[in-house]
Amino acid sequence: MKTELCNFCLKSGILCSKCQGKLKSGKVSDIDFTIARLLLSLEEKYPSLQDVHFHKAVDADRILAILVDKGDVPRLLSHGGKIVKALGEKTEKTIRVLEYGVAERKFLEDLFVPLNILTINKIWLPDGTTETRVILKRGRRKRIPNVKASKQIAKELRGITLRVEFAN
Ligand SMILES: [Zn+2]
């Protein structure tokens, strides 16, 4: 697995000065460190993790979003979904795997799976900031998404301020 932090630090749990600097500057967060260690510990059992580039993790309510490189999602979902299952059990969270560097629409679609997005548009506010409005199709039997967690994840990973609405 590739990350900002070095393998030595991830294995030992003790940070070298370089990694400590990254943590201090905010380039890497505590949760990134925790999840990177967890992923590395699973590498031996699930070798497909060796090629995964892990970017970031966001702990939002009951959801843990994991941002990996574009194209790494199948690697993380391989082994019959056992990696994601192990992550979910160890963190006691629902795991959401997202891709780094994809278009905004793709990012939002992945964020709200299994719900369908009807419309995405930008709203310009009087103070000059923007919000991204997402209108989701209200499914009959589908679970209601955790809107609060989704907003936090979009903000932290993409700097997007989300406004979520539903339509039939
Ligand atoms: Zn280090």
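Shown above is the structure to which this text applies.
In this report, we go over the structure that sits alongside the text. The structure presented is a predicted model; accordingly, all values stated were derived computationally and were not measured.

**Thoughts on the coordination of the zinc ion**
Next up, step 1: In the first shell of the zinc ion, the protein supplies Cys6 (SG), Cys9 (SG), Cys16 (SG) and Cys19 (SG), at 2.2 to 2.3 Å from the metal.
Next up, step 2: One chain supplies every donor to the zinc ion, and in sequence these donors are spaced C-x2-C-x6-C-x2-C.
Next up, step 3: With relative accessibility at 27%, the residue Cys16 sits in the partly exposed group.

**Points about the packing of aromatic side chains**
Next up, step 1: Applying the stated rule across the entire model yields zero aromatic pairs.
Next up, step 2: Here the guanidinium or amino end of Arg158 rests over the ring plane of Phe107, the centre of that ring lying 5.0 Å away.

**A look at the pattern of salt bridges**
Next up, step 1: Going through the model one piece at a time under the given rule, you end up with 13 salt bridges.
Next up, step 2: One salt bridge in this structure joins Lys22 and Glu4, with 3.2 Å as the shortest N-O distance. One end of the pair, Lys22, is in helix α2 (residues 17-25); the other, Glu4, is in the segment before α1 (7-12), with 18 residues separating them in the sequence.
Next up, step 3: One salt bridge connects Lys27 with Glu4, and the closest N-O pair in it is separated by 3.5 Å. Highlighted residues: Lys27 in the loop between α2 and α3 (30-42) and Glu4 in the segment before α1, separated in sequence by 23 residues.
Next up, step 4: Classification of Glu4 as partly exposed rests on a relative accessible area of 37%.

**What about the sheet that holds strand β3 (residues 94-99)?**
Next up, step 1: Taken together, three strands build an open sheet; the order of strands is β1-β2-β3 and the sheet is mixed. In the strand order of this sheet, the two ends are held by β1 (54-60) and β3, each with one partner. Between one strand and the next, the sheet's axes are offset by a mean angle of 20 degrees, whatever the strand orientation.
Next up, step 2: As defined by bridge partners, strand β2 (residues 63-68) adjoins β3 across six bridges and the pair is classed as parallel. Bridge pairing links Ala65 to Arg96 in β3.

Conventions adopted
Numbers given to residues run from 1 along each chain, matching the order in which its sequence is written. Local features in this predicted model are restricted to residues whose pLDDT is 70 or higher, and side-chain atom pairs enter the listing and the counts only when it is 80 or higher, whereas totals over whole chains, interfaces and linings include all residues. Side-chain measures here rest on the full set of heavy atoms in the structure, leaving out hydrogens and waters. Shown as donors are all N, O and S atoms within 2.8 Å of a metal ion, widened to 3.2 Å for Na, K and Ca; because water is not in the atom set, sites may appear incomplete. The buried label applies to any residue whose accessible area, calculated with a 1.4 Å probe on protein chains only, is under 20% of its type's maximum; exposed applies above 50%, and partly exposed to all values in between. Centres within 6.5 Å are what make two rings of Phe, Tyr or Trp a pair, Trp counting through its six-membered ring; a difference in plane orientation under 30 degrees is then read as stacked, over 60 as edge-to-face, and the rest as tilted. Only lysine NZ and arginine CZ atoms are considered, and such an atom sits over a ring when it is within 6 Å of the ring centre and within 35 degrees of the ring normal. Only one rule defines a salt bridge in this text: a Lys or Arg side-chain nitrogen within 4 Å of an Asp or Glu carboxyl oxygen. Think of it this way: any DSSP run of H or I at least four residues long counts as a helix, any run of E at least two long counts as a strand, and we number them from the N terminus. Note on pairing: two strands pair once DSSP finds at least 2 bridges between them. With axes taken as lines fitted to C-alpha atoms, and helix axes fitted only over the stretch in contact, angles between N-to-C directions fall between 0 and 180 degrees.

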